[in-house]
Every structure is written in C-alpha cells, then in structure tokens.
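Residue-level structure breakdown
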Amino acid sequence: MGTVSLLFLLIVVLASGSFIECAKPNILFILADDYGFNDIGYHQSQGETTAQLIYTPNLDALAQEGVRLESHYAQPLCSPTRGALMTGRLPAHTGIGPNVIKPDMPYAMPKSEQFLAEVLRDAGYATHLVGKWHMGFCDERYTPTFRGFQSFFGYFNGAEDYYTHMRTEDGYIGFDLRDGTTPNELAPVAEANNRYKNMYSTEVFGARVVSIIQDHAEQSGSVPLFMYIPFQAVHNPLEVPAKYTSPYGDIKNNDRKTEAGMINAMDQAVGNITSALKSTGLWQNSIIIFVADNGGPEGNAANNYPLRGYKTTNFEGGVRVNAFMAGPGANISSSLIGKQTNQLFHIVDWLPTLAHAAGATLNPPNPLDGFDQWDSITTGSAGPRNFIVHNMPPLAKGLTHGALRYNQWKFIIQSSHAGSKAEANTTCLPPPGFTPAVTDVPPVAYKGYYLFNINDDPYETTNLAQEEPDQLQFMIDMFKTYQTDAVDDLSTKYEIDPTCDPQLNSDKAWAPWDTVPGSQCSYL
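Cut-offs and rules
Residues numbered from 1 in each chain as written. Predicted model: local features only at pLDDT ≥ 70, side-chain atom pairs only at ≥ 80, totals over all residues. Heavy atoms only, no water. Phe/Tyr/Trp six-rings, centres within 6.5 Å; stacked < 30°, edge-to-face > 60°. Helix = DSSP H or I, 4+ residues; strand = E, 2+ residues; numbered from the N terminus. Buried < 20%, exposed > 50% of the residue type's maximum accessible area, 1.4 Å probe, protein only. Lys NZ or Arg CZ within 6 Å of the ring centre and 35° of its normal. Contact = heavy atoms within 4.5 Å. 1 Å grid on protein atoms, 1.4 Å probe; cavity = no way out; pocket = protein on both sides within 12 Å on 5 of 7 lines; lining within 4 Å. Points joined across faces, edges and corners; volume = space filled by probe spheres on them. Nonpolar A, V, L, I, M, F, W, Y, C, P; charged D, E, K, R; others polar. Pairing = 2+ DSSP bridges. Axes fitted to C-alpha atoms, helices over the stretch in contact; angles between N-to-C directions. Disulfide = S-S within 2.5 Å. Salt bridge = Lys/Arg side-chain N within 4 Å of Asp/Glu carboxyl O. Parallel < 35°, antiparallel > 145°, perpendicular 65-115°, else oblique. Core = buried A, V, L, I, M, F, W, Y, C linked by side-chain atoms within 4.5 Å.

Another point: the packing of aromatic side chains. Scanning the model with the defined rule gives 28 aromatic pairs in all. The interplanar angle of 45 degrees and the centroid separation of 5.5 Å between the aromatic rings of Y406 and F474 together place this pair among those described as tilted. Pair noted here: Y406 is in strand 15 (residues 403-406) and F474 is in helix 12 (residues 469-483), with a separation of 68 residues, a long-range link. Assessed through its relative accessible area of 23%, Y406 is described here as partly exposed. A residue is classified by how much of its surface remains accessible, and F474, at 38% relative accessible area, is partly exposed. Joined through ring pairs, the aromatic side chains of F137, F152, F156, W510 and W513 make up one cluster. Cation over ring: R68 sits above Y42, and NZ or CZ is 5.1 Å from the ring centre. Sitting over the face of the ring of F387, R385 holds its NZ or CZ atom 5.5 Å from the ring centroid.

Below is the structure:
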C-alpha cells in the first residue's frame, strides 16, 4: 500500500471516531450499600464451608480484568461516605458525619461544596445518577440535578422498601422514587409510583442504567459519559425475589439466605450493565469502579469476617471495603491486571483521581482531603497517602470518638458514638452456619484507647496501646492536630422538622419542603 493510501486511511479512521486512545474515558462508579467485606466472590477463601459461599461471577470477572484495591477505606455510615466521595472532603470538614442525614432533618451537604459531577460536567461529560442520594433534600437546590447531574432516577433517603419504595421515619411515611431529569423537573413522582411500585429496585435501577447507556451510545456517543450508580442493595430491609435465592437452598439462616439473594441480584445487574457497555461499543473506552460505602451491618445477614466490626464502627469491618477498578479505558498496566494493590486509599481520593482520568481542571472552592491516586492504581507506583482519618470531632469536644491510621498504625478511641463506634465487645465472627466454629476474644481498651499494627494484625486482635506508649502518644498528638480544623456534625445542630411530612404533599411523597410554612430548612 502506498504512502498516500496510508495517509488517506489514517484520515478516515480519525474522522470516523474509531481512534479513541486520546478520548476522555466513560466513567461508571458503582456504589454498593452495606456490602460485607467477605461477601464478594474473590474474598471467599477464609474459612467458609463450600455450602456457604456467595457467588458473584460478574463482579469477580470485572475485578479479574482490573486491579483490586485491598486497602480501600470508607466511612462507617452511608451519608458520610457519599458526601466524602462526591466532594473529596472528609466529614470532619463538611459536617456530613459521622451520623447520617435522616429524612426529617432540615439540612444537607452545604452549598459551598463542589461535587464530582460538577467537575466532570464542566469537563464535557454527560452526567447521570441512578439510585440512592442520601445527601439531603430539604431544599430543591440540594438535590442531584442542582449539583452537577443532568438526570436523576432514584430516591432521596435510605432504607426504604425495595418493592413499594416507601420510607418511614419518626412516624412520617411517604413514597420515595422519582424520575427527575432537569433542575425544574423534580416532581414526576406519580408516574414513578404507577410504573415502578411493586418492582424490585435493584432490577429497576439496573435496567435504567442499561437504558441510559444505550441512549447515550445512540445519541451522544462522542460525549464522554459519567454515571454514578449507588444501588440500594444490599441495605436493609432484607428483601429479594425468590429466584435470586434459589442457588442458596443450603443456607439455613433466613437472613443470610436473603442477603445472598440480594447480592446475587446486584451482581446480575452489574453483569447487565457491563454487557450493555460492550454491545453498544462503549466498553473499549470505559472505566468501571466498584466500591462499598461501608462494611456490612451487625447481625446474621452480612459477612465481614475475618475483619473485626461492622457498619457504624471504626474497626476494619466497618471501614475497609470491597473495591476495584477495571475497564479498557483505564489503561491499567498489564502487570497489574488481575492483581491487588495494598496502597492506602480513601473514598475522598476518587474526586481528584477521576478528575485526572477525565482531564478535568480542578479549582475546588475548599481544600481537598483527597489525593490523586491515578498513577498508583494504573501503574503501581508508590501512592501519596500514608494516613487516613476515619472520624474525629472538633478539638473543643476532646477525644470523645474517632480513629486515625498512620502507616501501619491505627489509633481508635473507645466510643459508642453514632457512626463512630468502637465498643468493648465488638466481635470478629462470621455469620451462622460456618464451620469450623470460630471463637473470638475482643481486645480490651487501654485507658479508653486502642492501638493496632494493621500490617501485622489486620484483624485487630491485639491492643498495643500499653506496650507502645510512645507510639500511642504520637497518634494522640497527630489526632489532635487534625482536630484543629474539624467541624461539628451538622446532625447535632438540627431537630426533627414536622413540615417535612410527605402527607402534606398531594402525591404523598418525600420532597423538598423549604417552601412549606414553618419550615426549618435553610439553603446554607
């Protein structure tokens, strides 16, 4: 073939858009809710009988094509993790945490915070949210389509019924599922009620994601796509269609069996999403990130074993979460594919990391707590993070709760504080039905403190606070230093607002209530 023909072919390829190496990657961020650390297939090798394995073939396949983040940390509860993800800032700096935002509380993520969706929208991305919000909605301007998302299909709160989509809090009850697509279209609840009532949310959300992918590929394929997909699964209530539990007839405990089915439903939804990317031709320039928002909750359903603790606690079982990144668009080094990295990573790191991947310009209105970890994930280079702040109150509140990781050392304050617990009897046990039986003796706090060497003792069995007084004091001093610019949890500043009552609305749905007479909601 002559030189002229080669040049002509290159021009044709470039003009057709087939050459996509330099194109901005599509980014799909999947957030699982209350997902146990040992409830994903690739962690299923630590003491279970074969009858108790949880199968996640689609998640496992994706992880095998990417890199697993085995030292990825989040906050111990829903709202704080979601706020940290979207802003790149810790709850101690935004005020969203350590507690969650309840449906009847008149506050939200402050308007001064910039969201990841805004960063990517300004970089030319189409931005969509399907699933759970849980970052406040008392004023319409706090809601997704005012914070960078071009469309929102999902619900404002958490813990609602998977079929009826009803949410109850402090005696207030209402429908919570809407299909709002623009800032002026937060009202289409009646259609959602008629169309999706008695339909299982994991299936509903998965199908909507597939639909958006197909529409985007057909109508806007040259525009990069960002989708934030915070599934309701596998948060309580424990509900799932029977077809998803059929592989688990040998699990005798009903809660555990239902949880297994819920995981199965989520895994199949992820498989459908991946298939849609491939069938539409978007896959070759796509990145999928899968992360859990916190550990599984206490009880018989979820499994964080062998990690100590569960959702709401600062022990590893509450904050160390399943996470991986995959997809051809990430250009992960071939030497890392199918492997794991133990680089410290916190949920706040995703904003600067994905901004890097998208070629977005960062000009945050507030200092970021997150680090750009793109190179450490994709090339295996040393990461920039050597510490993690799990929770902390302002300095004036003293050492009342919280935890801090520095290199291999982890400092925890014994506490029963909501969303920042570290109680004396916190166990390290699998759910019922596991053999051989596991016994556990929880560590004893020393003067109200725990100190663990996580590298040597990842399951937090041995408190070294008394044996390592210099290291303990070093961690206390570091903790106090970080406390100097911490702010109060906004939940402590507000009371239940009766004007939130969904029954005051014609559609009986949870909705912004700032215009209701007597509302305590302010746009701050």
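Look at the link from G97 to P98: it is a cis peptide, with omega at 10 degrees. A cis geometry characterises the amide bond from Y305 onward to P306, with omega recorded as 10 degrees. Although it is not a glycine, D34 sits at a positive phi angle of roughly 60 degrees. Note that D34 resides in the loop between strand 1 (26-32) and helix 2 (57-64). Located in the positive-phi region is N331, a residue other than glycine, with phi close to 50 degrees.

Before going further, it helps to examine the environment of Y163. As for its placement among the helices and strands, Y163 is situated in the loop between strand 5 (151-155) and strand 6 (166-169). Sequence spacing of Y163 and P241 is 78 residues, and the spatial spacing of their C-alpha atoms is 9.9 Å. Setting aside residues no more than four positions away along its own chain, Y163 makes contact with Y196, K197, N198, M199, Y200, E239, V240 and P241.

Turning our eyes to something else, we now look at empty space enclosed by the protein. One pass over the structure, following the stated rule, counts two cavities of 30 Å³ or more. The wall of the largest cavity is formed by P91, A92, G97, P98, N391, M392 and V487. Among the residues forming the lining of the largest cavity, the class breakdown is five nonpolar, two polar and no charged. Size it by volume and the second largest cavity reaches roughly 30 Å³. Lining the second largest cavity are L69, T341, Q343, F345, Q373, S376 and I377. Here the lining of the second largest cavity is built from residues that sort into three nonpolar, four polar and no charged.

Okay, the sheet that holds strand 17 (residues 449-453) next. Pairing is antiparallel across the open sheet formed by four strands, whose spatial order is 14-15-16-17. Looking at which strands have only one partner, the edges of the open sheet turn out to be strand 14 (387-391) and strand 17. With direction set aside, neighbouring strand axes in the sheet form an average angle of 10 degrees. Strand direction decides the pairing type here: strand 14 and strand 15, joined by four bridges, are antiparallel. Pairing of N391 across the sheet is with A403, part of strand 15. Running over the sheet, helix 12 touches strand 14, strand 15, strand 16 (409-413) and strand 17 and is turned about 115 degrees from strand 15.

The next thing to look at is the state of the cysteines. Covalent bonding between the sulfur atoms of two cysteines defines a disulfide. Counted according to the given criterion, the structure contains one disulfide. A sulfur-sulfur distance of 2.1 Å marks the disulfide that ties C138 to C521. Looking along the S-S bond of the C138-C521 disulfide, the torsion reads about 65 degrees, which is the right-handed sense. Of this pair, C138 sits in the loop between strand 4 (126-132) and strand 5 while C521 sits in the segment after helix 12, and the two are 383 residues apart along the sequence. When its relative accessible area of 0% is taken as the criterion, C138 is described as buried. The exposure class of C521 is buried, given its relative accessible area of 10%. Between C78, a free cysteine, and C500, which holds the nearest cysteine sulfur, the sulfur-to-sulfur gap is 19 Å. Judged by relative accessible area, which is 2%, C78 ranks as buried. C138 provides the cysteine sulfur closest to C500, a residue in no disulfide bond, and the two sulfurs are 10 Å apart.

Attention shifts here to the pairing of strand 4. Across the seven residues that make up strand 4, a large majority, seven, are buried. Where strand 4 and strand 9 (residues 225-230) come together, four bridges link them in parallel fashion. Paired with H128 across the two strands is M227, which belongs to strand 9. As judged from the five bridges shared by strand 4 and strand 5, these two strands associate in the parallel manner. Residue pairing for strand 5: L129 is matched across the bridge by F152.

Applying the stated criterion across every chain yields a total of 18 salt bridges. Close ionic contact of E113 with R89 constitutes a salt bridge, the shortest N to O distance being 2.8 Å. With E113 in the loop between helix 4 (91-94) and helix 5 (116-122) and R89 in the loop between helix 3 (78-87) and helix 4, this pair connects stretches of sequence that are 24 residues apart. Per residue, the accessibility class of E113 equals that of R89, and both read buried. Its salt-bridge partner being K397, residue D488 comes within 2.6 Å of it at the nearest N-O pair. Note that D488 is positioned in the segment after helix 12 and K397 in the loop between strand 14 and strand 15, a separation of 91 residues in sequence.

Here the focus is the packing of helix 2 against helix 8 (residues 254-279). At a minimum axis distance of 7 Å, the contact between helix 2 and helix 8 shows a crossing angle of 50 degrees. One way to sum up the angle between helix 2 and helix 8 is to call them oblique. Only D267, Q268, V270, G271 and T274 of helix 8 make contact with helix 2, whose side of the interface consists of P57, N58, L59 and L62. Here the contact of helix 2 with helix 8 is composed, by residue class, of four nonpolar, four polar and one charged.

Here the focus is the nonpolar core. Of all hydrophobic cores here, the largest spans 134 residues; its most connected members are F29, Y35, I213, F226, F231 and W350. Here this core takes 10 residues from helix 8, the largest share from any one element. In this structure W350 touches F29, L69, H72, L85, I289, V291, M325, F345, A355 and I377, once residues within four positions along its chain are discounted. The next biggest cluster of nonpolar side chains, apart from the first, holds 12 residues, and it includes F315, A403, I412 and I454.

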